[in-house]
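Architecture at a glance
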Amino acid sequence: MKKDFTRDYTTEVFRAYAAAGEPTYEEMRKRIYEEELSKRSSLDPAIAISQAEIATEKQTPYLLDIMAAEKTIELLERGEKPQIIAATKAVYFTRPLQPLRRGDISDRVRRFSISYPADERTVYRWLKEARLLCAAVRGLRITDADIKKFHIAL
């Protein structure tokens, strides 16, 4: 079996998205900006605004991760793949603030496969499709074989 080198990163993208409360890109950008602005409320307003904008710009990679997860869910909805969305949410969106321990993912996959009419291999395939789609949206490199296998349009 070939190593999926985007697996860990995209798993954390989904977990960060769930931990943030599944916001849109714009909502999260506004939230970060307002938090940074409130931290600098004692400064001159012009300086506070410019520093808040700089701090928000430093959060660009995180914001792009949020956007990638948001767009992945949106694309799966438009592609009429509710089973993949359900699997992704059941496995990656469960307790996103707690660190993953050995066996957490497999336990969640097993639990989901029992409650949803699918075997474990199918659930893992769905999760891989969601991860690869998220990686493609985020601009990460994925193999040509995966692009063909999962029909990911870049």
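An account of the accompanying structure is given in this report. All of these numbers come straight from a predicted model, not from anything done at the bench.

What counts and what doesn't
Starting afresh in each chain, residues are numbered from 1 along the sequence in its written order. Two thresholds apply to this predicted model, a pLDDT of at least 70 for residue-level local features and 80 or more for giving and counting side-chain atom pairs, whereas whole-chain, interface and lining totals are computed over all residues. Only hydrogens and water are set aside; all other atoms, that is, all heavy atoms of the structure, feed into the side-chain values. A pair of aromatic rings is counted whenever rings of Phe, Tyr or Trp (Trp by its six-membered ring) have centres within 6.5 Å, and the orientation is called stacked for planes under 30 degrees apart, edge-to-face for over 60 and tilted otherwise. Secondary structure is summarised from DSSP: a helix means a run of H or I of at least four residues, a strand means a run of E of at least two, and numbering begins at the N terminus for each. Each residue is assigned to one of three classes by its accessible area relative to the maximum for its type, calculated with a 1.4 Å probe on protein chains only: buried under 20%, partly exposed between the two thresholds, exposed over 50%. For a helix, the expected span equals 1.5 Å multiplied by the residue count minus one. Residue contacts are defined here by distance: any two heavy atoms, one from each residue, within 4.5 Å place the two residues in contact. Salt bridges are defined by distance alone: a side-chain nitrogen of Lys or Arg within 4 Å of a carboxyl oxygen of Asp or Glu.

1. Re the packing of aromatic side chains
In the structure shown here, the tally under the stated rule is five aromatic pairs. Between F14 and F93, the aromatic rings sit 6.2 Å apart at their centres with planes inclined by 40°, giving tilted as the arrangement. One end of the pair, F14, is in helix α1 (residues 7–19); the other, F93, is in the loop between α5 (82–92) and α6 (104–115), with 79 residues separating them in the sequence. Taken individually, F14 and F93 each receive the classification buried, so the pair is uniform in this respect.

2. Things to note about α1
Its 13 residues give α1 an end-to-end C-alpha distance of 18 Å, which sits within 8% of 18 Å, the value for a rise of 1.5 Å per residue. Buried residues of α1: T10, T11, V13, F14, R15, Y17 and A18, and no others. Along its buried surface, α1 packs onto α4 (60–78), α5, α6 and α7 (120–138).

3. What to know about the environment of Y9
Within the secondary structure, Y9 sits in helix α1. Its relative accessible area of 35% is what places Y9 among the partly exposed residues. In sequence terms Y9 and A135 are 126 residues apart; their C-alpha atoms lie 8.5 Å from each other. Filtering out sequence-adjacent residues up to four positions away, Y9 remains in contact with D65, R138 and L140.

4. Considerations on unusual backbone geometry
Look at E22: it is not a glycine, yet its phi comes out positive at around 55°. In this structure, E22 sits in the loop between α1 and α2 (25–39).

5. Describing the pattern of salt bridges
A full pass over the atoms with the stated rule returns 12 salt bridges. A salt bridge links R7 to D8; the nearest nitrogen and oxygen atoms lie 3.3 Å apart. The salt bridge involving R29 is made with E57; its shortest N-O contact spans 2.9 Å. Of this pair, R29 sits in helix α2 while E57 sits in helix α3 (residues 45–58); the two residues are 28 residues apart in sequence, bridging distant segments of the chain. Judged by relative accessible area, which is 28%, R29 ranks as partly exposed. When salt bridges with common partners are traced through the structure, they connect E36, K39 and R40 into a single cluster.

Keep in mind these values describe shape, not function.
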